[in-house]
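Observations on the three-dimensional arrangement
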Amino acid sequence: MSRRSKYEQIVVNITEWLKDELKHDAEIVNGLDELTDGTEDIVHGRYEVSRELLHYIRSLQGESQHNINEGV
């Protein structure tokens, strides 16, 4: 595997992980589910970081942010 394709695969893996994070936390962030253990702020923070990182990666790849389907 070439060095470039290795890094491209890393970016693909990170992008997929970020999408999974968005999907996993969407119900809590959107108020459809509630946490009772006091970690709601942590979930919101993880969601925001995941969303912004995904936007950043996509912008580096030349994709517009409105094409990002959060949570999918």
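Residues numbered from 1 in each chain as written. Predicted model: local features only at pLDDT ≥ 70, side-chain atom pairs only at ≥ 80, totals over all residues. Heavy atoms only, no water.

1. Quick word on the overall build of the chain
Counting its secondary structure elements, the chain contains two helices and zero strands. Here the chain holds 72 residues, and 22% of them are scored as buried. Long-range pairs, those at least 24 residues apart, make up 57% of the contacts in the chain between residues at least 6 apart in sequence. Split by element, the accessible area of the chain, about 5,400 Å² in all, is 51% carbon and sulfur. (Helix = DSSP H or I, 4+ residues; strand = E, 2+ residues; numbered from the N terminus. Buried < 20%, exposed > 50% of the residue type's maximum accessible area, 1.4 Å probe, protein only. Contact = heavy atoms within 4.5 Å. Areas by Shrake-Rupley, 256 points an atom, 1.4 Å probe, with all protein chains shown as cover.)

2. Quick notes on the confidence of the model for the chain
Of the residues in the chain, 86% have a pLDDT of 70 or more, and the chain-wide mean is 87. Contacts from residues 67-72, a stretch scored under 50 in pLDDT, to residues over four places away or in other chains number twelve contacts. (pLDDT = per-residue confidence, 0-100.)

3. Looking at the nonpolar core
One finds L18, L22, A26, Y47, L54 and I57 forming the largest nonpolar core, which totals six residues. Contributing elements (two or more residues each) for this core: α1 (3-29) and α2 (40-60). With residues up to four places along the chain from it excluded, the contact list for L18 reads S50, L53, L54 and I57. (Core = buried A, V, L, I, M, F, W, Y, C linked by side-chain atoms within 4.5 Å.)

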